[in-house]
Amino acid sequence: MAQLARLKRRQEFLAVAASGRKFVAPGLILQARKQPTDGSPAAGAVDSPGTAALRIGFTASRKVGNAVARNRARRRLKAASETVMRAYAAADHDYVLVARAGTLTRAYVDLLADLAAGLKHLKLYRTRH
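What counts, and where the lines are drawn
Residues numbered from 1 in each chain as written. Predicted model: local features only at pLDDT ≥ 70, side-chain atom pairs only at ≥ 80, totals over all residues. Heavy atoms only, no water. Salt bridge = Lys/Arg side-chain N within 4 Å of Asp/Glu carboxyl O. Helix = DSSP H or I, 4+ residues; strand = E, 2+ residues; numbered from the N terminus. Buried < 20%, exposed > 50% of the residue type's maximum accessible area, 1.4 Å probe, protein only. Core = buried A, V, L, I, M, F, W, Y, C linked by side-chain atoms within 4.5 Å. Pairing = 2+ DSSP bridges.

Q: Is there a simple way to explain the pattern of salt bridges in this structure?
A: Between side chains of opposite charge, pairing is possible as soon as their charged atoms come close. With the rule as written, the count across this model stands at seven salt bridges. One salt bridge in this structure joins E82 and R86, with 3.0 Å as the shortest N-O distance. With E82 and R86 both in helix α2 (residues 67–88) and four residues apart, this pair spans about one turn of that helix. Its relative accessible area of 22% is what places R86 among the partly exposed residues. Look at the salt bridges and you will find they share partners, linking R9, E12, R33, R55 and D94 into a network.

Structural data, given as structure tokens:
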């Protein structure tokens, strides 16, 4: 299973968004970008030699609702990513999960399906043994 790390700096979020690779579903928006390998601070974290960590960022705008609703939406995305991303996402990429208004009302299994469909659409779905 891949190690999960967090994207925290605005520059990292903007770099993922600028890549232009995204999938829009009723419950979320998934953005992805291959991690740079140039050794810059924006380059991916390394678990062990030859293994890049999965880096994920979560965001929710005020369109989702008030602070309580945004935090709940982010928590739902974090839980979904623990289940799906750790097991199936390509480890050499950075990901940003953007909450939508539907994130709060969508059934959890449908949220998991949205995330898996996003990985498949972006061709980043990997089966693990």
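Read on, since the account is not over.
Q: I'm lost on the nonpolar core in this one. Help?
A: Soluble globular proteins: nonpolar side chains tend toward being buried together. Among the nonpolar cores identified, the biggest contains 30 residues, and L30, I56, M85, Y95, L97, L115 and L119 are the most heavily contacted of them. Elements that contribute at least two residues to this core include exactly β3 (28–34), β6 (54–59), α2, β7 (93–99) and α4 (108–121). L7, F13, I29 and V96 belong to the second-largest nonpolar core, a separate cluster that totals six residues.

Q: What is the right way to read the pairing of strand β2 (residues 21–24) from this model?
A: Side-chain direction in a regular strand flips from residue to residue, so the side chains alternate between the two faces of the sheet. In the sheet, β2 pairs with β3 via four bridges, with the strands oriented antiparallel. Across the sheet, residue R21 finds its bridge partner in β3, namely A32. Between β2 and β3, which pair antiparallel and follow one another directly, the connecting turn spans three residues.

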